[in-house]
Each structure stands twice: as structure tokens, then as C-alpha cells.
Amino acid sequence: SSRKQAWTYFEQALLIWQNMKEDAWRASTLLQMGQLALDLNNSQEARDFFSRAAMLGFNLEDSGLEATARQGLCRIHSTFNEYGEAVKCVDKLVPYFKSMGDKSEQARLLFEKIRAQRQQALFAAAVTTAQEVIPICHELENKSWEADGYELLGQSFLDLKDKGRAAGAFTQAM
């Protein structure tokens, strides 16, 4: 299959970058291997590759590379229903993207956090996070994301049996 062939190429590239002591390229290859392992539902291999890439990013003092690898680890937690870990992971990453002024990534992570909170029945926390993400989406002028934020806010209010506030949020989503 094409994925097996890609895997073979990644392994070869990893060896080449390792032999050449090209840690930035090695980390990039590890990120790609982590994503492929995640796509193949192999959580342990994905964790290993993303963790190794994060360590290389840290050693290279490349906070962007390290954050990208940690995002991969967050995706593993979400994909494999490790919702408590997903929330912790997001909480560690959001300040980095906030400091970099990357509102899009901040919003993506906060949406991931809301979904994880709702899966854990942490509905009041999901309301708070939704109220945090909506203004970010508004600043980005991303009407679709803003509507998604209001939709998740409304669902969280419904989960809390607050039909009045849910109706208000759903109205804003339209």
C-alpha cells in the first residue's frame, strides 16, 4: 500500500538525517511519522514519534517545532478518548500560541478543549471555554468558527439544563 511505502521512505529519511546530524530535518520526519502512525491508529508509535520530535525541538531551542510536536500529542489524546489528558495538553499549548499571536491555532485548540470537556461532562467548564473562544473567532472574522463556538456554547447550556441561555446561544449561531 502507499502508506507502507511512505513509511519505508520516512524510515530511510530518518536514518539519513540522523547520520548527517541534521536534527531539524530529523524532527520534521518524526512529525510526519507521528501523523502517519496516528492515521493508522497506532497510538504508541505516534506518541513515540511526537515525543521524540518535541524533545528535539526543545534541544534545538525551537519552540515552534516543540509546540507542533506537542499538538500531535494532544491529537492522540483526543483521538483515543483520553479527554482529561487532552484538556491538560491544550492548557499547556494555548499560552504558547497566545504569546506568538497565533489566534487561529489558539481557537483550534480551544475547540478541542470544549469537546473534551463535554465528553467528561464538565459542562460548566465547556461554557467558560466557549465564552473564551467566541471573541477570538470574532477577531479572526471567521463567521463559521464563531457560529461553531455559539453552537457548542448552546449545547453546553442545554447540558446544564439552561434552556434560556441555550436558546440565546443558538440564536447567535445563526
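Residues numbered from 1 in each chain as written. Predicted model: local features only at pLDDT ≥ 70, side-chain atom pairs only at ≥ 80, totals over all residues. Heavy atoms only, no water.

Novice: Honestly, the pattern of salt bridges in this entry has me stumped. Any pointers?
Specialist: Using the criterion set out here, one finds ten salt bridges in the structure. When the shortest N-O distance is used, the salt bridge between Glu-139 and Lys-103 registers 3.3 Å. With Glu-139 in helix α7 (residues 123-139) and Lys-103 in helix α6 (residues 103-119), this residue pair connects regions lying 36 residues apart in the sequence. Residue Arg-118 pairs with Asp-159 through a salt bridge whose shortest N-O separation is 2.7 Å. Here Arg-118 is found in helix α6, whereas its partner Asp-159 is found in helix α8 (residues 143-159), with 41 residues between them in sequence. (Salt bridge = Lys/Arg side-chain N within 4 Å of Asp/Glu carboxyl O. Helix = DSSP H or I, 4+ residues; strand = E, 2+ residues; numbered from the N terminus.)

Novice: Where do I start with the nonpolar core in this structure?
Specialist: The nonpolar side chains of a soluble globular protein tend to be buried with one another. Counting residues in each nonpolar core, the largest one holds 28 residues, and the members touching the most others are Phe-111, Ile-114, Val-133 and Leu-153. Listing elements by their share of this core, those giving two or more residues are α4 (63-79), α5 (83-100), α6, α7, α8 and α9 (163-173). In terms of residues, this core owes the most to one element, α7, which gives seven residues. When residues no more than four places from it in sequence are discounted, the contact partners of Ile-114 are Ala-126, Thr-129, Ala-130, Val-133 and Leu-152. (Core = buried A, V, L, I, M, F, W, Y, C linked by side-chain atoms within 4.5 Å. Buried < 20%, exposed > 50% of the residue type's maximum accessible area, 1.4 Å probe, protein only. Contact = heavy atoms within 4.5 Å.)

Novice: Whenever I open this one, the state of the cysteines confuses me. Can you help?
Specialist: Working definition of a disulfide: a covalent bond connecting the sulfur atoms of two cysteines. Inspection of every chain in the model, using the stated rule, returns one disulfide. Take Cys-137: it sits in no disulfide, and the sulfur closest to it among the cysteines is that of Cys-74, at 18 Å. You can call Cys-137 buried: its relative accessible area is 0%. (Disulfide = S-S within 2.5 Å.)

Novice: Sorry, what's going on with the environment of Glu-132 here?
Specialist: Note on placement: Glu-132 falls in helix α7. In this structure, the C-alpha to C-alpha distance between Glu-132 and Ala-46, residues 86 residues apart in sequence, is 30 Å.

Novice: Which parts of the structure should I look at to understand the packing of aromatic side chains?
Specialist: The full count for this structure, using the stated rule, is four aromatic pairs. Taken together, a centroid distance of 5.5 Å and an interplanar angle of 65° make the contact between Trp-7 and Phe-49 edge-to-face. One end of the pair, Trp-7, is in helix α1 (residues 2-19); the other, Phe-49, is in helix α3 (residues 43-59), with 42 residues separating them in the sequence. Judged by its relative accessible area of 15%, Trp-7 is buried. Note on Phe-49: relative accessible area 7%, which makes it buried. (Phe/Tyr/Trp six-rings, centres within 6.5 Å; stacked < 30°, edge-to-face > 60°.)

Novice: Is there a simple way to explain the environment of Asp-102 in this structure?
Specialist: When you line up the elements, Asp-102 lands in the loop between α5 and α6. Within polar-contact distance, the side chain of Asp-102 engages the backbone nitrogen of Glu-105 at 3.0 Å. (Polar contact = N/O pair within 3.5 Å; in protein donor to acceptor, adjacent residues only side chain to side chain.)

Novice: Would you take a moment to explain the environment of His-138 for this structure?
Specialist: Relative to the assigned elements, His-138 resides in helix α7. We classify His-138 as partly exposed; its relative accessible area is 46%. Residues His-138 and Gly-149, eleven residues apart in the sequence, show an inter-C-alpha distance of 9.9 Å. Ignoring any residue separated from it by four or fewer positions in sequence, one finds His-138 in contact with Lys-143 and Glu-146.

Novice: What's the story with the packing of α7 against α8 in this structure? I'm lost.
Specialist: Axis angle and axis distance: for two packed helices, these are the angle between their axes and the distance between the axes, and together they describe the pair. Their axes nearest at 9 Å, the elements α7 and α8 cross at an angle of 165°. Relative to α8, α7 is oriented roughly antiparallel. Handedness of the crossing formed by α7 with α8: left-handed. The residues of α8 that touch α7, namely those facing Phe-123, Ala-126, Val-127, Ala-130, Gln-131, Val-133, Ile-134, Cys-137 and His-138, are Lys-143, Trp-145, Glu-146, Gly-149, Tyr-150, Leu-153, Ser-156, Phe-157 and Asp-159. (Axes fitted to C-alpha atoms, helices over the stretch in contact; angles between N-to-C directions. Parallel < 35°, antiparallel > 145°, perpendicular 65-115°, else oblique. Left-handed = near helix turned anticlockwise from the far one by under 90°.)

Keep in mind these values describe shape, not function.
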